[in-house]
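Fold and contact review
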Amino acid sequence: MAEGTFYKGKDLRIKVGGKPMFHSTSCSISVSTTLESIATKDTDGTINVAGNYEWSLSAETLTVNKAVAGTNADTFDLLTLQLAGKEVEVEMTTGKKGDILLKGMALIESTNINADNGSSSTSSYSFKGNGDLVISRLTE
């Protein structure tokens, strides 16, 4: 039997300012590290040294206005924050005590609203990390 915790895609969510994104359909996180290649007269190959990293989040939702009692971040809340150039606290987690929590500050880099005839409108967002990505466990 396999050990460890398996996370179901439906359980992982992105929160913005502590509020889950309303009617989210997918989300992802990407972390990339800058590598410095070093080659000297004493090496036959190239040695790579890890440098800084950058991270980003992306999400897709149904296009929704006015989440119930303001408990979720809706499409137009996020667009308003982006247009104002506001830095936001973002996290990706299941929301379950003991599970992994990825958290940091980010800027909303892009918002796309798609409205195809014959289907529900969808929105997609890209968040660019601004500083450290903190990995911890949810304690509440």
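Scroll up to find the structure this text is about.
What counts and how
- Residues numbered from 1 in each chain as written.
- Predicted model: local features only at pLDDT ≥ 70, side-chain atom pairs only at ≥ 80, totals over all residues.
- Heavy atoms only, no water.
- Helix = DSSP H or I, 4+ residues; strand = E, 2+ residues; numbered from the N terminus.
- Rg over C-alpha atoms; globule rule 2.2 N^0.38 Å.
- Buried < 20%, exposed > 50% of the residue type's maximum accessible area, 1.4 Å probe, protein only.
- Contact = heavy atoms within 4.5 Å.
- Areas by Shrake-Rupley, 256 points an atom, 1.4 Å probe, with all protein chains shown as cover.
- Lys, Arg positive; Asp, Glu negative; His and termini not counted.
- Charge placed at Lys NZ, Arg CZ, Asp CG, Glu CD.
- Polar contact = N/O pair within 3.5 Å; in protein donor to acceptor, adjacent residues only side chain to side chain.
- Pairing = 2+ DSSP bridges.

Focus on the overall build of the protein chain
Secondary structure assignment for the protein chain yields one helix and eight strands. Going from N to C terminus, the protein chain has its helices and strands arranged as β-β-β-β-α-β-β-β-β. Relative to the 2.2 N^0.38 estimate, which gives 14 Å for 140 residues, the radius of gyration of the protein chain is 19 Å and therefore markedly larger than a compact globule would have. Along the first, second and third principal axes, the C-alpha atoms of the protein chain reach 65 × 40 × 30 Å. Split into buried and exposed, the 140 residues of the protein chain put 26% on the buried side. In the protein chain, of all internal contacts separated by at least 6 residues, the share reaching a separation of at least 24 is 62%. Element-wise, carbon and sulfur atoms account for 50% of the exposed surface of the protein chain, whose accessible area totals about 9,200 Å². Each charge class in the protein chain was averaged separately, 13 positive and 17 negative side chains, and the resulting centres sit 8 Å apart.

As for the side chain of Asn72
Take Asn72: it is sitting in the loop between β4 (47-62) and α1 (75-83). Looking at Asn72, its side chain comes within polar contact range of the side chain of Thr71, at 3.1 Å.

What about the pairing of strand β6 (residues 100-114)?
In summary, the side chains of a regular strand alternate between the two faces of the sheet. Two strands pair when backbone bridges link them, and strand β5 (residues 87-93) and β6 are joined in this way by seven bridges, in the antiparallel orientation. From the neighbouring strand, Met92 faces β6, where its bridge partner is Leu102. Taking the residues that link successive antiparallel strands as the turn, the β5-β6 hairpin has six residues, and the phi of Gly95 there is positive, at about 85°. As judged from the eight bridges shared by β6 and strand β7 (residues 122-129), these two strands associate in the antiparallel manner. Paired with Ala106 across the bridge in β7 is Gly129.

Digging into unusual backbone geometry
Of note in this structure, His23 is not a glycine but carries a positive phi near 50°. Within the secondary structure layout, His23 lies in the loop between β2 (19-20) and β3 (24-38).

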